[in-house]
Amino acid sequence: MRPDGTGYHLADGELSVPAIGRPVDLSVTASLFGGDGLDVVLASWSSTETSCLRSQDGRVTLPVQTQPAMLNSLPSSVRIRARAAALPLDADGAWRLVLRFRDRAGSGLTWQSDLPPEAFGRGWLAPLADLLTIDGAVAEPAPAPRPAVIVVHHPEDEYYELLVDGHQAGLLVYHVIGSQLAITHTVVEPTYRGQGLSWVLVGRALDDIRTRDVTVSNYCAVVRRFVEKNPEYDDILSRPRTA
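Not measured: the values here are computed from a predicted model.

Kindly report on helix H2 (residues 221-229), identifying the contributing residues and their values.
Among the residues making up H2, those that are buried are Val222, Val223, Phe226 and Val227. Within H2, the buried residues cover an arc of 130° as seen down the axis, which keeps them to one side. Along H2, the residues that are exposed and aim more than 90 degrees away from the buried face are Glu228 and Lys229. On its buried face, H2 sits against strand S15 (167-177), strand S16 (180-188) and helix H1 (197-210).

Below is the structure:
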């Protein structure tokens, strides 16, 4: 049965061997319910299964067939038995088994051990808890800090300046004649384009202009496109003559 939110299931495993020159059958069983007659096969492999073999550093890695049986509590040991026609001369320390347990939330435990010679005879009652390691969670990279974006008004020189992390990124230049304000041009430096910063510059400039006793009577194409997308700014505009 699949995990129901409690305990662990055996997600996958692999057997690493120096070669596959002899027929071998491997089985991993556990007593899930505390009785000798109730052992459940958690994983198995047969040398007749030659698909998905992976060779590396002169060794062959074989994915084992795992059963997703639920373990409400991990047993203290599992029985591992490798049946072979003859005891491999390179059995001790050369055959390595890895089992990976997971819970539904994604937490993982990994068990791995070299198989001793007794695993190829009557079977090896392998300690489970002593050889388990907690899988380290892969930390997601910390998000890059968002740049500090501010708009500064320079009324004496009639322009709004867009600053990103203290660097000048854009300008909105205007001229005031009486109660009429004309925005002559809005520009964002090439390095900062494509990030929506022109909208920030125009929006914050118009918010400030709204607090003043003037009407925007003439404005550039950038402001025109902004107002078309944000009609709530119509109240500070008279009929425009696009610059």
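Just give me the short version of the environment of arginine 122, but keep the residues and values in it.
Tracing the chain through its elements places arginine 122 in the loop between strand S10 (108-114) and strand S11 (124-127). A sequence separation of 40 residues divides arginine 122 from alanine 82, and the C-alpha atoms of the two residues are 8.8 Å apart. Leave out the neighbours within four places in its chain, and arginine 122 touches Arg79 and Arg81.

I'd like a description of the sheet that holds S16, backed by residues and values.
In space, the five strands of this open sheet follow the order S13-S14-S15-S16-S17, with mixed pairing throughout. Edge positions in the sheet fall to strand S13 (149-154) and strand S17 (215-218), since each has one partner strand and no second. Neighbour-to-neighbour, the strand axes of this sheet turn through a mean angle of 30°, independent of strand direction. Bridge count for strand S14 (residues 159-164) against S15 is six bridges, and the pairing is antiparallel. Opposite valine 164, over in S15, you have histidine 167 as the bridge partner. Against the sheet, H1 makes contact with S13, S14, S15, S16 and S17, and its axis sits at roughly 45° relative to S13, the strand it touches most.

Tell me about unusual backbone geometry, residues and numbers included.
Despite not being glycine, glutamate 158 shows a phi value in the positive range, around 60°. Following the sequence through the fold, glutamate 158 ends up in the loop between S13 and S14. Backbone geometry places aspartate 165, a non-glycine residue, at a positive phi of 50°. Positionally, aspartate 165 belongs in the loop between S14 and S15. With relative accessibility at 49%, the residue aspartate 165 sits in the partly exposed group.

Any chance you could break down H1 for me, citing the residues and the numbers?
Each turn of an α-helix holds 3.6 residues, which means side chains three or four residues apart point in the same direction. If you check H1, its first and last C-alpha atoms are 20 Å apart, about what 14 residues at 1.5 Å a residue would give, namely 20 Å. Taken as a whole, H1 has its buried residues at Leu197, Leu201, Val202, Gly203, Ala205, Leu206 and Ile209. Buried residues in H1 make contact with S13, S14, S15, S16, S17 and H2.

Can you tell me about the pairing of strand S9 (residues 96-102), naming the residues and giving the values?
With seven bridges joining them, strand S1 (residues 8-17) and S9 adopt antiparallel strand pairing. Bridging across to S9, aspartate 12 finds its partner in arginine 100. The pairing of S9 with S10 spans seven bridges and is antiparallel. Note on S10: the bridge partner recorded for phenylalanine 101 is leucine 109.

Can you lay out the nonpolar core for me, pointing to particular residues and giving the numbers?
With 29 residues, the main nonpolar core has Leu15, Leu26, Ile80, Leu97, Trp111 and Leu115 as its most contacted residues. For this core, the secondary structure elements donating two or more residues are S1, strand S2 (24-31), strand S3 (39-46), strand S5 (59-63), strand S8 (77-84), S9, S10 and S11. Residue contributions to this core peak at four residues, all from S2. Sequence-distant contacts of isoleucine 80, that is, excluding residues within four places in its chain, are made with Leu26, Ser27, Val28, Leu97, Trp111, Leu115, Ala119, Gly123, Trp124 and Ala126.

Explain the pattern of salt bridges residue by residue, including any values.
Following the criterion strictly, the structure yields six salt bridges and no others. One salt bridge in this structure joins glutamate 14 and arginine 100, with 3.7 Å as the shortest N-O distance. Linking glutamate 14 in strand S1 with arginine 100 in strand S9, this pair joins segments that are 86 residues apart in sequence. The class for arginine 100 is partly exposed, based on a relative accessible area of 22%. Of the charged contacts, one joins arginine 210 and aspartate 207 as a salt bridge, the two residues approaching to 3.7 Å between their closest N and O atoms. Of this pair, arginine 210 and aspartate 207 both sit in helix H1, separated by three residues, roughly a single helical turn. Through salt bridges that share partners, Asp12, Glu14 and Arg100 make up one connected network.

Analysis parameters
- Residues numbered from 1 in each chain as written.
- Predicted model: local features only at pLDDT ≥ 70, side-chain atom pairs only at ≥ 80, totals over all residues.
- Heavy atoms only, no water.
- Buried < 20%, exposed > 50% of the residue type's maximum accessible area, 1.4 Å probe, protein only.
- Helix = DSSP H or I, 4+ residues; strand = E, 2+ residues; numbered from the N terminus.
- Arc of directions from axis to C-beta.
- Contact = heavy atoms within 4.5 Å.
- Pairing = 2+ DSSP bridges.
- Axes fitted to C-alpha atoms, helices over the stretch in contact; angles between N-to-C directions.
- Expected span 1.5 Å × (residues − 1).
- Core = buried A, V, L, I, M, F, W, Y, C linked by side-chain atoms within 4.5 Å.
- Salt bridge = Lys/Arg side-chain N within 4 Å of Asp/Glu carboxyl O.

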